[in-house]
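Each chain, written out:
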Amino acid sequence: METVKSTERVRCGQLSSQKYRSSIRSCLAASHVMSNVSLDQKEQVATSHITYADLESVDYKYLLCGQSDGGLAIYDTSVVKEGCVYGEVGSIKGGRRGTHKYQVECVQWYPADAGLFSTSSRDKKVKIWDPNRMKLVDQFDMDCHINHHQMSPVATKHSILAVAGENGEVILCDLRTGTSTHRLTGHEGPVRATQWSPRRQHILVSSGRDRTVRMWDIRTSQAFIMALDGNHQVGENSKRAKKMKRIPHAHVGQVVSFCFTHDGLWLLTFGHDGELKLWNTSTGKKMDVRYGEMLIDSRRNLRMAVTPSMHPDLVFLPCNTKVLVVEILTGRLVNVLSGHFSTVFGALYNPSSMNLYTFGNDQNFITWTPKVFESNDFEEENWNTDLQELPKRNRVTQDNWSSDEG
Amino acid sequence: MDGDRQAAHLKYLVEKLTTSGKDHLDEEKFKKIKKICKRSDIYIVELYRLVTKQLEKKHAEIRFSAFQICDELFRRSHCFRELLLKDFLQFVDLALGLDPKRPLPKPDAVARKLKQKCVEAIQYWYDHFSDGYLTLKRAYNYLRDCKKVDFAELTARTEAERQRAEEERRRVEEIRNKKIEKVKKELEISSQEIDACIAQFHNCFKLLIPDLHDFFIPLSNEAASPEEELVLDNENDIQGEDSDVSNEELEENAEYGSEFMRGHGIMKGTNVKINLEDVRKVQKTEDNEVVIENLKECVSVLKIKLLPSVRKWEEKIQPYSEGNESLIKTIIDHKISIQNCVKKFESLNIVHKENQTVAKDIDSDSDEDDFIEVPWDDPRVVSAAASEAALLGMTETSSHHAASAESDDPGNQPSSSGLSHKSSHVLQSVGNSSSKESEQVRFPDEYVSKNASTPRRHQNPLAGLSQVWTATPDLHDQEEIQSTGGILGIATERVNYERTWEPVKWACRAPLKRGRLCPRQDRERCPLHGPIIPRGETGEPLLPEDAAREQAAREQYEIDHPAWQEPQLLAELKAATGVDLKVEKNRYKRKRKYENLTDLKKITPKERLAKQIFNPKAVRRLNAALAKEHKVGNLLAARQQDTPPGPHPPAAHNSHIPLDT
């Protein structure tokens, strides 16, 4: 119904074609349904499952997956073989030489092209790989477990890898020199995740188990620029906190996931307390958006996905066994995707195909596709049509009441 | 309107089906459900709601039935499949109980079945519908990969359960091997002993009673047998030694007029009586004494030591029979041979020869301490003499002796004074027939019926005789009677508990409804009207306190049973108005809602006993007792070790009992 209205408005000139397109996209993104496209599973009983995944950001084609046994795999999402599996481009099995000893905690494509990627694990190593040959190129040995790492997506003047260490430091590794340049200290307890600002290349945000979210400028020697204040203590408490020089907490529970919006203006944090918060990145103020309570049991790092440049921007938030689709600026819950049977580790949004990929503890990898209308049922505008598209499936999904039950 | 009615009916049907507690769904009711559901998907949604509600109940039988409904409908309705797959995880949780925090409810047997059936059903669903339902496919993979549901074996076990089962299996295997090894070792050690013992026994036995086959060779030579006294004058006796050989056989052999018969001078129609019982009678003589002793020893070793141990092995090895047939066979062979030996020995009747005692007398003349100097006044001697005399018909002397004994010490009545009762005339009158007398005295009823009301001590003068070997022909053996009579006199003591019965002379006399008085005659308490109290002409209590009590009881009864609760009145009311006003007697005992289901709260006898046995107090008590016994046992064992080995076998035996238990 929304789309029809929008079309009408475009015709009247009330809506720019740009906006129309993004709103249509948003509508589509809100209508994800499960598809049968999945990853290639060679063995009958899978020995490993995906623990982290990343989609390269040049043409959103290659999906990089880190696996629980330390192995890696790259899939081409544009090629769908036999109607249900993605073509595998390259893979390296866990346990082979050069792979991680433990499960892969984080993987990331080199932001500029798909000629390099980095992986990290709890075996204290960050490895740089060449995807074309599936060979190890370089590795950094850290002195602590690694929870997360990231490279700046917009960096032009540096190629620094920010590594979130278990010992409470953010370690900056320069890919050019192959050494760690310096460390950002300040977190009490392990650092859980790091994110570079997609707007300014020197700004880095890190979250720790100490429930703080801090923003750093890597050029300065300052401790940190600011810490997000969730403002849990009001009145006299905040005064006391100031006196004690305590760093304000962003959440009541630890932060399990955080993410910049695509334009870098906003920051979304998701705490273990089940609260999703939106922050203004320039001021550090919390925006007053009510997202409603979400329940979460996992303390693991989750990967949430945001849609880039849509009219109502959406966030795909893994929340236990479901993935919630929420409008970022209004807090409206648009869709709930339930298909996983155990905790969802992360969601990935593919802007080109508009598919959503989710992976979780239940060893399933699910591709969610937006609902595409065929021309003839466009008029029906029935959002709740059943899944009966294919004749083959139709046959299976029929009722089969036997005649004697009349 | 119709829809509502159908929905209500559906609800009723689902409830009835799920609370039936049966293994299978009731065909008729389920057909009705299907009929309703077929009409429209609305009913399926409703049914799904109902079924899930039942599935959540904490009772395995309800869940099982609900699951069966789910399964049936899943195979039929697309809508139902969609609904179920939406909440598939929850369904699996409830039906498979994979979550260790939320296991399947009791009863366990049904829960196991539910699990099994559920796995089967999911496999079936996957095989048939997975192409159409992605969720099902993924769920199947999830269950297979993450939850380790083994669809090949159709078992759903958690990892922990699997490990536990494996460990348990290994443990049992180990125990079993250990036990078998132990038994084997023991068997090896003692099999030689057993064989030796059995061989010894057989040899001894052969010496005493030669084998049948050995006997046939010296057929006419009767002197070959050592016990010529008891062997009668023909071979039949020897034939009878083995009971399976019958006389007819012999008769066939020895036709009338044959050489054999003529040789023995047996006429036609002569019946030869064969006393088969005597065949295994062995007279103990000086010659075979050693052999008999040896035989006895052998048997006791076999019986006391070896047979129980063999039995123990058999018991131990019984549960692990497969794979150890040879071992079991050896054990059983041993057992049978030992048992045969024991049986053989028991069938033997060893008779002491009379002159044996005489011989002993001569032998033991040198050591005087075998015989205790018995004074003539000793009551035992008196009684023995008396009984002896009675047997011999020397009544006069006996009575005389008895009288004298009585007069000597009346207060200290010796327990053995068999003739202490005054009615000695009985004895005198039947003096000549001692057996008759003895019968008379032995018969208890007769004794009680006598006017003798005072409790008396009594001794059967003939009691000593039963002690004597029955076959001993000489009853006058002095020593024999003398030694046994005294002991027996102590052993048999008679106490009379007789009391006179007084008839009840009063009645309850409580007033009845019909106006009569209660005619029951009880001694202290009427079962209907309580304690018996003095009452007046009309049945009212005479004493004021009794009257007050009765009044109070009546009032209480009135409160408990109001007048309008009269059954007749109620029945009339019910007939007239259709309302049952009857007040339930046990208001607190609520009727169970669904009788067909297994009651989970019901306490089984086992649980009740377990509660008693394993209650902490009892366990503590038991432990204390065990510790104490253990201590004593240790002490005894220590003492046993100090003393030189051998002389105290009973002590050693005692010390082992608490340790074993």
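What you see is a predicted model, and the numbers here were worked out from it, not measured in a lab. (Residues numbered from 1 in each chain as written. Chains lettered and ligands numbered in written order. Predicted model: local features only at pLDDT ≥ 70, side-chain atom pairs only at ≥ 80, totals over all residues. Heavy atoms only, no water.)

Engineer: Go over the overall build of chain B, please, and point to the residues and values.
Structural biologist: The number of helices and strands found in chain B is 28 helices and 6 strands. When each of the 661 residues of chain B is scored for burial, the buried share is 34%. Working note: accessible area of chain B is about 44,400 Å², and carbon and sulfur atoms make up 53% of it. (Helix = DSSP H or I, 4+ residues; strand = E, 2+ residues; numbered from the N terminus. Buried < 20%, exposed > 50% of the residue type's maximum accessible area, 1.4 Å probe, protein only. Areas by Shrake-Rupley, 256 points an atom, 1.4 Å probe, with all protein chains shown as cover.)

Engineer: Could you give me a rundown of the side chain of Ser152(A), with the residues and numbers involved?
Structural biologist: Residues and elements named next belong to chain A. Here serine 152 shows up in the loop between β10 (146-151) and β11 (160-165). Since its relative accessible area comes to 5%, serine 152 is described here as buried. A polar atom in the side chain of serine 152 sits 3.3 Å from the backbone nitrogen of valine 154. (Polar contact = N/O pair within 3.5 Å; in protein donor to acceptor, adjacent residues only side chain to side chain.)

Engineer: Mind laying out the confidence of the model for chain B, listing which residues take part and the relevant values?
Structural biologist: Any segment with low pLDDT has predicted coordinates that should not be analysed in fine detail. All names here are of chain B. This prediction gives chain B a mean pLDDT of 68; 58% of its residues lie at or above 70. Across residues 463-475, confidence stays below pLDDT 50; counting only partners more than four residues off in sequence or on other chains, it has 11 contacts. The ipTM for the predicted assembly is 0.72, set against a pTM of 0.53. (pLDDT = per-residue confidence, 0-100. Contact = heavy atoms within 4.5 Å.)

Engineer: Hey, could you go over the packing of aromatic side chains for me, with residue numbers and the actual values?
Structural biologist: The final tally for this structure, using the stated rule, is 11 aromatic pairs over all chains. Between the aromatic rings of Trp109(A) and Phe117(A), the centroid separation amounts to 5.6 Å while the plane-to-plane angle is 65 degrees, which identifies the pairing as edge-to-face. The buried category is assigned to Trp109(A), whose relative accessible area is 4%. Residue Phe117(A) is classed as buried on the basis of its relative accessible area of 1%. Taking 5.6 Å as the distance between ring centres and 75 degrees as the angle between the ring planes, the aromatic pair formed by Phe74(B) and Phe129(B) counts as edge-to-face. Note that Phe74(B) is positioned in helix α4 (residues 60-74) and Phe129(B) in helix α7 (residues 108-129), a separation of 55 residues in sequence. For the residue pair Phe74(B) and Phe129(B), the accessibility class agrees, reading buried in each case. Connected via pairs of aromatic rings, a cluster forms that spans Phe67(B), Phe74(B), Phe88(B), Phe91(B), Trp125(B) and Phe129(B). Directly above the ring of Tyr124(B) sits Arg75(B), whose terminal nitrogen or CZ lies 3.8 Å from the centroid. (Phe/Tyr/Trp six-rings, centres within 6.5 Å; stacked < 30°, edge-to-face > 60°. Lys NZ or Arg CZ within 6 Å of the ring centre and 35° of its normal.)

Engineer: Got a sec to walk through the pairing of strand β16 (residues 213-217) of chain A? Specific residues and values, please.
Structural biologist: Residue and element names in this part refer to chain A. Counting buried positions over the 5 residues of β16 gives 5, a clear majority of the element. The alternating pattern of β16 places Val213, Met215 and Asp217 and Arg214 and Trp216 on opposite faces, both of which are buried. The sheet contact formed by strand β15 (residues 203-208) and β16 spans 5 bridges and is antiparallel. Along β16, the bridge assignment pairs isoleucine 203 with aspartate 217. From the end of β15 to the start of β16, which pair antiparallel, there are 4 residues, and arginine 211 there has a positive phi angle of about 70 degrees. Across 2 bridges, the pairing between β16 and strand β17 (residues 226-227) is antiparallel. Pairing of methionine 215 across the sheet is with methionine 226, part of β17. (Pairing = 2+ DSSP bridges.)

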